[in-house]
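Analysis of the macromolecular model
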Amino acid sequence: ATYYLGYTTATAALADARGRYDEIENIVAEFENVKKLKIDGMLIAPVQRLGKLDQLVSALAKTLPLPHADGRALQRAAVFVRTACMSVNELMRRVEMHKSAIDAFDRFAATTTTTTTTTTTILLL
């Protein structure tokens, strides 16, 4: 699993932002209530939580106006997380395609082996 390496820095920055901006506190509280997951857990969770992180960053990015210094950083973070989600989804799609191809080959090989064995047995009789 992949974990966020800047956990301490991120939790300190989040705590600071939650103290300074009521909107962020409200969004985080709503997110934690709906998702039943503490925001701190999002910072150390494995890559499977990337989709939830995308939702959170996007919601935060919409809250702060672009002229705000943190607003621009959140916009960039939202694009980065969305791109990462799309990359993970594409990778998983490819993995599933490979698994399907291997399963089909295995079924074909099993059928071919059975047919060959049956043909050989008939020829020997």
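These remarks concern the structure in this document. This is a predicted model, so every value here is computed, not measured. (Residues numbered from 1 in each chain as written. Predicted model: local features only at pLDDT ≥ 70, side-chain atom pairs only at ≥ 80, totals over all residues. Heavy atoms only, no water.)

Details of the side chain of S58
Among the secondary structure elements, S58 is positioned in helix α4 (residues 50-63). Residue S58 is classed as buried on the basis of its relative accessible area of 16%. From its side chain, S58 meets the backbone oxygen of D54 in a polar contact 2.9 Å long. Every residue in contact with S58, bar those within four places of it in the chain, is listed here: A78 and R82. (Helix = DSSP H or I, 4+ residues; strand = E, 2+ residues; numbered from the N terminus. Buried < 20%, exposed > 50% of the residue type's maximum accessible area, 1.4 Å probe, protein only. Polar contact = N/O pair within 3.5 Å; in protein donor to acceptor, adjacent residues only side chain to side chain. Contact = heavy atoms within 4.5 Å.)

Concerning the pattern of salt bridges
Going through the model one piece at a time under the given rule, you end up with seven salt bridges. Ionic pairing is found between R18 and E25, a salt bridge with its closest N-O pair at 2.8 Å. Since its relative accessible area comes to 29%, E25 is described here as partly exposed. Between E90 and R93 there is a salt bridge, and its shortest N-O distance comes to 2.5 Å. Residue E90 and its partner R93 are located together in helix α5 (residues 69-124), separated by three residues, close to a single helical turn. On the accessibility criterion, R93 (41% relative accessible area) is partly exposed. (Salt bridge = Lys/Arg side-chain N within 4 Å of Asp/Glu carboxyl O.)

Brief notes about the environment of A78
Structurally, A78 is set in helix α5. Relative accessible area serves as the criterion here: at 11%, A78 is assigned to the buried category. Taking the C-alpha atoms as reference points, A78 and A59, separated by 19 residues in sequence, lie 8.9 Å from one another. Leave out the neighbours within four places in its chain, and A78 touches D54, V57, S58 and A61.

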